[in-house]
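# Descriptive analysis of the structure
This is what each chain is made of:
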Amino acid sequence: MGRDFDTVVLGGGMMGAAIGYGLARLGQRCAILDEGDTAFRASRGNFALVWVQSKGLGLPAYSDWTRRSAALWPGLAAALREETGVECGLSQPGGFTLLLSEAEAARRVDFMTRLQAQPGFHPFLWEIWDRARLRQVFPGIGPEVIGACHTPLDGHVNALRSFRALHTAFAQRGGAYRPEHPVERLAALPGGGFRIATPHGAFSAGRVVLAAGNANARLAPMLGLRAPVRPQRGQVMVTEKAAPFLTHPVVNLRQTDEGGIMIGDSAEEVGFDTGQGLGVMALMARRATRMFPDLARLNIVRAWSALRVMTPDGFPIYEESESVPGAFLCNCHSGVTLAAAHALALAPMLAEGRLEAATLGPFTARRFDVPATA
Ligand SMILES: Cc1cc2nc3c(=O)[nH]c(=O)nc-3n(C[C@H](O)[C@H](O)[C@H](O)COP(=O)(O)OP(=O)(O)OC[C@H]3O[C@@H](n4cnc5c(N)ncnc54)[C@H](O)[C@@H]3O)c2cc1C
């Protein structure tokens, strides 16, 4: 009996959409099943950085994978523009972590030095800029800013437009997107392939990719996989639109291509709680205005929170089930940054039915089996 699809992707967030688009580009018959509007969805509430500078301490392969994605982003944005007419708003002018004290500067230098000194790490250019040099890029910095850590690799994107472009391109290439289709059960079929059950019927597929964010924790064991992910809340605020003045993204604030300034880098361990708190928002706003005092004159027009998908060590998981080959698990917490790698490097591996060990071997969930003392 024929199967409904070559591959069914569970989860239509940025991760699932990027993978689905990548598979559809390769001519796969692919479906994306998504829970729907009441689900927890990082992809609709993120900060939209395509960020390299702080990635990979503890796992150099994560820095390589992140840099590969940053390098693939211009090609992805161009392809999506050509296929859909949607502009992703990608800008990769380099990015900054602003430093408000000598102690912050010392911590940043220590972090970057340890990052780059790791065995197997492929170094990239990073520099501490002093205040005078920084003022040439950001004339409006406040008196407390003593300098910044800079890399030329960082950037940002319009995440919602990119997300829409991925879904549009997926559909145009014949992909089947099924919202309001929460997957309830997954089972391997005796002769190979999978049965994927939703309240609106079941689907069959040769392969399945679990890209359902935090829901992977519940779904993975059905196919002999393990996804030790947890929600981590982030709060974000956006100001009214202003004339362009932030030419480069800063890790905790950035000016969007539409003019608003997004502020937000909170990380809160509150479970599945998408509430917002004035305390955290006030802290973020205070730090932002210490960096750029003129921000105090802008009104906040929207604020929200969303849940990141966090693994115990913060690195992604890419894994094929040992007991049920053809079932793949994909989780990460920087799925905007990694969207290009997911569409253009991971999807081809999934289409082949094999994750490249040299590239993705370090991201197995088996790393969590190693005792902390090892
Ligand atoms: C505040 C915040 C700031 C962030 N900032 C950045 C950033 O600057 N740069 C960056 O690279 N990343 C950032 N991220 C992370 C980024 O948003 C995500 O990594 C990315 O969107 C990918 O998410 P995802 O698709 O894995 O998960 P989600 O977006 O959570 O999507 C999971 C999907 O699975 C679906 N689902 C759930 N259960 C089921 C089920 N049973 N069956 C079918 N579907 C199901 C849901 O409907 C949902 O659409 C941020 C995240 C947050 C919350």
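So, how was this worked out
Residues numbered from 1 in each chain as written. Predicted model: local features only at pLDDT ≥ 70, side-chain atom pairs only at ≥ 80, totals over all residues. Heavy atoms only, no water. Phe/Tyr/Trp six-rings, centres within 6.5 Å; stacked < 30°, edge-to-face > 60°. Helix = DSSP H or I, 4+ residues; strand = E, 2+ residues; numbered from the N terminus. Expected span 1.5 Å × (residues − 1). Buried < 20%, exposed > 50% of the residue type's maximum accessible area, 1.4 Å probe, protein only. Near = heavy atom within 4 Å. Polar contact = N/O pair within 3.5 Å; in protein donor to acceptor, adjacent residues only side chain to side chain. Areas by Shrake-Rupley, 256 points an atom, 1.4 Å probe, with all protein chains shown as cover. Nonpolar A, V, L, I, M, F, W, Y, C, P; charged D, E, K, R; others polar. Domains from an automatic or database assignment. Contact = heavy atoms within 4.5 Å. Buried area = accessible area lost by both parts, 1.4 Å probe. Salt bridge = Lys/Arg side-chain N within 4 Å of Asp/Glu carboxyl O. Core = buried A, V, L, I, M, F, W, Y, C linked by side-chain atoms within 4.5 Å. Pairing = 2+ DSSP bridges. Axes fitted to C-alpha atoms, helices over the stretch in contact; angles between N-to-C directions. Parallel < 35°, antiparallel > 145°, perpendicular 65-115°, else oblique. Left-handed = near helix turned anticlockwise from the far one by under 90°.

### As for the packing of aromatic side chains
- Applying the stated criterion across every chain, the model contains eleven aromatic pairs.
- With a centroid separation of 5.0 Å and an interplanar angle of 45 degrees, the aromatic rings of phenylalanine 40 and phenylalanine 272 are classed as tilted. Highlighted residues: phenylalanine 40 in the loop between strand 2 (30-33) and strand 3 (49-50) and phenylalanine 272 in the loop between strand 14 (261-263) and helix 7 (278-291), separated in sequence by 232 residues.
- Where tyrosine 62 meets phenylalanine 315, the ring centres are 5.4 Å apart and the plane angle is 70 degrees; that geometry is what we call edge-to-face. With tyrosine 62 in helix 2 (residues 60-84) and phenylalanine 315 in the loop between strand 15 (300-310) and strand 16 (317-320), the pair connects residues that are 253 residues apart, well separated along the chain.

### Some words on helix 1 (residues 14-25)
- Under the 1.5 Å per step criterion, the end-to-end length of helix 1 is 16 Å for twelve residues, consistent within 8% with the ideal 16 Å.
- Among the twelve residues in helix 1, eleven count as buried, and that is most of the element.
- Where helix 1 is concerned, the buried positions are Met14, Met15, Gly16, Ala17, Ala18, Ile19, Gly20, Tyr21, Gly22, Leu23 and Ala24.
- Looking one or two places after helix 1, you find glycine 27, whose phi comes out positive at around 85 degrees.

### Focus: the site of the ligand
- Lining the immediate environment of the ligand, one finds 36 residues, of which Asp34, Ser43, Val183, Gly335 and Thr337 sit closest.
- At a separation of 3.2 Å, an oxygen atom of the ligand approaches a polar backbone atom of methionine 14.
- Threonine 337 places a main-chain nitrogen or oxygen 2.7 Å from an oxygen atom of the ligand.
- Here the ligand loses 96% of its free accessible area of 1000 Å² to cover by the protein chains.
- Elements that contribute at least two residues to the shell around the ligand include exactly helix 1, helix 6 (216-219) and strand 15.
- Of all the elements, strand 15 adds the most residues to the shell around the ligand, at three residues.
- Residue classes in the shell around the ligand are distributed as 18 nonpolar, 13 polar and five charged.
- The two domains that each donate at least three residues to the shell around the ligand are domain 1 (5-83 + 159-229 + 313-369) and domain 3 (230-310).

### Quick word on the side chain of serine 162
- If you trace the backbone, serine 162 turns up in helix 5 (residues 159-172).
- What makes serine 162 buried here is its relative accessible area of 0%.
- In contact with serine 162, other than residues within four places in its own chain, are Met14, Trp73, Leu80, Cys88 and Val157.

### A word on the domain arrangement of the chain
- Examined at the domain level, the chain breaks down into domain 1 (5-83 + 159-229 + 313-369), domain 2 (95-152) and domain 3 (230-310).
- Computed from C-alpha atoms alone, the centre-to-centre distance between domain 1 and domain 3 is 27 Å.
- Opposite the 18 residues of domain 1 that make contact, domain 3 presents 22 residues.
- Between domain 1 and domain 3, roughly 1600 Å² of surface is buried when both sides are summed, and carbon and sulfur atoms account for 65% of that area.
- Broken down residue by residue, the surface that domain 1 buries against domain 3 is led by Phe40, Phe47 and Asn214, which jointly contribute 39%.
- For the pair domain 1 and domain 3, the number of links is two salt bridges.

### Observations concerning the nonpolar core
- By size, the foremost hydrophobic cluster in this structure holds 31 residues, and its most contacted members are Tyr21, Trp73, Leu76, Leu80 and Leu166.
- Sorting the residues of this core by element identifies helix 1, helix 2, helix 3 (102-117), helix 5 and helix 8 (339-352) as the ones contributing at least two each.
- Of the residues forming this core, the biggest block, six residues, is contributed by helix 2.
- Residue contributions to this core reach at least three from each of two domains, namely domain 1 (5-83 + 159-229 + 313-369) and domain 2 (95-152).
- If we ignore the near neighbours within four places in the chain, the residues touching leucine 80 are Tyr21, Gly85, Val86, Cys88, Ser162, Ala165, Leu166 and Ala169.
- Judged by nonpolar contacts, the second largest core, of 29 residues, contains Ile32, Tyr318, Cys332 and Ala345.

### Focus: the pairing of strand 12 (residues 230-239)
- Extensive coverage of strand 12 is indicated by the burial of nine of its ten residues.
- Taken together, the two bridges between strand 12 and strand 14 define a ladder with antiparallel strand orientation. By the bridge assignment for strand 14, methionine 237 is matched with isoleucine 263.

### Quick word on the packing of helix 2 against helix 5
- Between helix 2 and helix 5, whose axes approach to 9 Å, the crossing angle comes to 60 degrees. Judged by the inter-axis angle, helix 2 sits oblique to helix 5. When you trace helix 2 past helix 5, the crossing you get is left-handed. Residues Trp73, Leu76, Leu80, Glu83 and Thr84 of helix 2 form the contact with helix 5, whose participating residues are Ser162, Ala165, Leu166, Thr168, Ala169 and Gln172.
- Taken together, the residues of the contact of helix 2 with helix 5 break down into six nonpolar, four polar and one charged.

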